[in-house]
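Understanding the architecture of this molecule
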Amino acid sequence: MLAHPELVRLAEHYSRAAVTDLVRRELASVRQAAAAGEALPSPDRIAERVARAASERWAAGPRRVINATGVIIHTNLGRAPLSHEALDAVREAAQGYSNLEYDLEAGERGHRYQHVAGLLCQLTGAEAALMVNNNASAVMLTLAATSVGKEVVISRGEAVEIGGGFRIPDVLRQSGAKLVEVGTTNRTYDRDYQAATTPKTAAFLKVHASNFRVTGFTHSASLEELAPIARQANVLLLHDLGSGSLISTEKYGLAHEPTPQESVAAGADLTCFSTDKLLGGPQGGIVVGKKDLVDRLARHPLARALRMDKLDIAALSTTLLHYLRNEAVEKVPIWRMIAMPMAELDARARRWQAALGEGATVIPGESTIGGGSLPGETLPTRLVALTAAGIPGGAQELLRRLRSQPTPVIARVVDDKVALDPRTVSPDEELPLLQQVQQALRQ
Ligand SMILES: *Cc1c(COP(=O)(O)O)cnc(C)c1O
């Protein structure tokens, strides 16, 4: 097989050893199939399969895809796209050297947190701030640095699973803190926290219900209620905010998503949130709060293990500047998507429909926030619905074809049709989207 012209060419492109390995795998599966009674493929066919396996296995990733699902913060699709300015900052920081940990004035070692901490304090009203790899790390570090060997009181309704294996009780255990659950799944009062406080209590932990909603006969103790109780008992008030929107979501017809500013003002000692959910930046986690506590976190060995990398710091500081300059809604892609007016959605959907022809119709639909933020909340949108009536395999087959395009298109099915939502497709993705949809329909 290695003498096959296609594989000789492949071995020049990659290495002979790597191609040999792929040939062995392919031959093993051919043998297995033959033993099960299948016909032997020709050498040309085997070479073709090896070449395909090479291009699938040895491609750089993640690959660019077009998100036509209308799910704005799509965790599986990489959450928040960055602004042009943030992208430039990443390129700049990656291309050469930078003053990442260098004090240009003094000419000596500086602090990696300096680039973002000041902006965060300005935006949230906190005394100090720290950035780590993601919000899961932020929560872990917060608990490890404040509550190891001690008790952390949490409402039964807030000992939740966020997704991807992040369960608050497990994180507490891993951090070395002991979980003390209080209240019930639907109702927890401030007096429940008070009654559970002992000399071993290190903190009260409030966790925002990011990805689910409890309705009906419910009650939870607010930060405002818990702050004086925590202060009097000399325990910390910690808040895992999850998404942490810096902008009021209700301006856009959505439910209120709690903000870090509110958390700080309500008296939380430390507040943790993600940087790639409603903040619309790169992957990261932030802790804001009291200076002595943030300093304690920064000195903890886990801070080094969980630290944010320079490319994310560059993207984050640039993203935060958009908020400080009051231009976030125009510049930060997820906010542009959330704020996109119906007239624009409608005009774009009609343009797509005209380009895609008969099988396409414009229908009303709903976009969602996603990323475990604002569950159940939707934004009205316009969808371009593609009929899959003439395609064997129907809508699922059309979805598969869209995913197998050079720049995969991810869409969803609405009433047996494949629906494309313009909200999450950026203007420069429109042309490739339309070309590839046409290709998939013709296939
Ligand atoms: C999303 C979320 C997390 C995890 O944040 P990542 O940035 O994904 O690590 C933790 N807690 C809450 C409440 C969340 O919503």
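Residues numbered from 1 in each chain as written. Predicted model: local features only at pLDDT ≥ 70, side-chain atom pairs only at ≥ 80, totals over all residues. Heavy atoms only, no water.

Turning next to the overall build of the protein. Looking only at helices and strands, the protein has 18 helices and 17 strands in total. For the protein, the proportion of its 443 residues judged to be buried stands at 48%. Across the protein, every contact between residues at least 6 apart in sequence was considered, and the portion connecting residues at least 24 apart equals 72%. Here the protein displays about 21,500 Å² of accessible surface, and carbon together with sulfur accounts for 51% of that area. For the protein, the distance from the average position of its 49 positive side-chain charges to the average position of its 49 negative side-chain charges is 4 Å. (Helix = DSSP H or I, 4+ residues; strand = E, 2+ residues; numbered from the N terminus. Buried < 20%, exposed > 50% of the residue type's maximum accessible area, 1.4 Å probe, protein only. Contact = heavy atoms within 4.5 Å. Areas by Shrake-Rupley, 256 points an atom, 1.4 Å probe, with all protein chains shown as cover. Lys, Arg positive; Asp, Glu negative; His and termini not counted. Charge placed at Lys NZ, Arg CZ, Asp CG, Glu CD.)

Quick look at empty space enclosed by the protein now. By the definition in use, this model includes one cavity of 30 Å³ or more. Lining the largest cavity, in full, are Val 139, Thr 142, Leu 143, Leu 205, Leu 238, His 239, Asp 240, Leu 270 and Cys 272. A per-class count over the lining of the largest cavity returns six nonpolar, two polar and one charged. (1 Å grid on protein atoms, 1.4 Å probe; cavity = no way out; pocket = protein on both sides within 12 Å on 5 of 7 lines; lining within 4 Å. Points joined across faces, edges and corners; volume = space filled by probe spheres on them. Nonpolar A, V, L, I, M, F, W, Y, C, P; charged D, E, K, R; others polar.)

Our next topic: helix H2 (residues 16-35). With 20 residues, H2 should reach 28 Å at 1.5 Å per residue; the first-to-last C-alpha distance of 28 Å fits that figure. Within the span of H2, buried status applies to Val 19, Thr 20, Leu 22, Val 23, Glu 26 and Val 30. Looking straight down H2, one finds that the buried residues subtend no more than 160 degrees of arc, so they occupy a single side. Exposed and facing more than 90 degrees away from the buried side of H2 are Ala 17, Arg 24, Arg 31, Gln 32 and Ala 35. Those residues of H2 hidden inside the fold are in contact with helix H1 (5-13) and helix H3 (43-57). (Expected span 1.5 Å × (residues − 1). Arc of directions from axis to C-beta.)

Leu 120, Met 131, Leu 320, Tyr 323 and Ile 369 are the most contacted members of the largest nonpolar core, which has 67 residues in total. Among the elements that make up this core, the one with the highest residue count is helix H5 (residues 114-124) (six residues). Here this core spans two domains, since at least three of its residues come from each of domain 2 (66-76 + 335-442) and domain 3 (82-331). Other than its neighbours up to four places away in sequence, Met 131 contacts Arg 112, Tyr 113, Val 116, Leu 120, Gly 285, Ile 286, Met 308, Ile 313 and Leu 316. If you look at the next biggest cluster of nonpolar residues, it comprises 24 residues, including Val 409, Leu 433, Leu 434 and Val 437. (Core = buried A, V, L, I, M, F, W, Y, C linked by side-chain atoms within 4.5 Å. Domains from an automatic or database assignment.)

Attention now goes to the sheet that holds strand E12 (residues 285-289). As summarised here, the arrangement of the seven strands in space is E4-E12-E11-E10-E9-E5-E8, forming an open sheet in which the pairing is mixed. Single-partner strands in this sheet number two, and they are strand E4 (128-132) and strand E8 (178-182). Between one strand axis and the next, the sheet turns through 25 degrees on average, direction left out of account. In this structure, strand E5 (residues 151-155) lies alongside E8, joined through five bridges in parallel fashion. Across the sheet, residue Val 152 finds its bridge partner in E8, namely Leu 179. (Pairing = 2+ DSSP bridges. Axes fitted to C-alpha atoms, helices over the stretch in contact; angles between N-to-C directions.)

The next subject is the pairing of E5. Counting buried positions over the five residues of E5 gives five, a clear majority of the element. Of the two faces of E5, the one carrying Glu 151, Val 153 and Ser 155 and the one carrying Val 152 and Ile 154 are both buried. Of the pairings in the sheet, the one linking E5 to strand E9 (residues 201-207) comprises four bridges and is parallel in character. Residue Val 152 lies in a different strand from E9, and its bridge partner there is Ala 203.

When its domains are assigned, the protein resolves into domain 1 (5-57), domain 2 (66-76 + 335-442) and domain 3 (82-331). The straight-line distance from the C-alpha centre of domain 1 to that of domain 3 is 49 Å.

Moving on, we come to the site of the ligand. Taken together, Arg 79, Asn 134, Asn 135, Ala 136, Ile 162, Phe 166, His 208, Ser 210, Asp 240, Gly 242, Ser 274 and Lys 277 form the complete shell of residues around the ligand. The separation between an oxygen atom of the ligand and a polar side-chain atom of Arg 79 is 2.9 Å. Ala 136 is positioned with one of its backbone polar atoms (N or O) 2.8 Å from an oxygen atom of the ligand. Protein contacts shield 94% of the accessible area of the ligand, which totals 380 Å² for the unbound molecule. Looking at the shell around the ligand, the elements that each hand over two or more residues are helix H6 (135-147) and strand E10 (236-242). When grouped by side-chain class, the residues that make up the shell around the ligand number three nonpolar, six polar and three charged. (Near = heavy atom within 4 Å. Polar contact = N/O pair within 3.5 Å; in protein donor to acceptor, adjacent residues only side chain to side chain.)

All right, on to the environment of Ile 247 then. Residue placement: Ile 247 occurs in the loop between E10 and helix H10 (260-265). Ile 247 sits 13 residues away from Pro 260 along the chain, and the two C-alpha atoms are 9.8 Å apart. Setting aside its immediate chain neighbours within four residues, Ile 247 contacts Tyr 252, Tyr 323, Ala 328, Val 329 and Trp 335.

Here we come to the packing of aromatic side chains. Tallied over the entire structure, the rule returns three aromatic pairs. Directly above the ring of Phe 217 sits Arg 187, whose terminal nitrogen or CZ lies 3.8 Å from the centroid. The ring of Tyr 189 has Arg 191 lying over it, and the distance from NZ or CZ to the ring centre is 4.3 Å. (Phe/Tyr/Trp six-rings, centres within 6.5 Å; stacked < 30°, edge-to-face > 60°. Lys NZ or Arg CZ within 6 Å of the ring centre and 35° of its normal.)

The volume enclosed by the largest pocket comes to roughly 1,200 Å³. What lines the largest pocket is a set of 38 residues, and nearest its centre among them are Arg 64, Ala 80, Pro 81, Leu 82 and Glu 429. Secondary structure elements with two or more residues in the lining of the largest pocket: helix H4 (84-95), helix H14 (328-331), helix H15 (333-339) and helix H16 (342-356). The element best represented in the lining of the largest pocket is H15, accounting for four residues. A domain split of the lining of the largest pocket shows at least three residues from each of domain 2 (66-76 + 335-442) and domain 3 (82-331). In this model, the second largest pocket occupies a volume close to 810 Å³.

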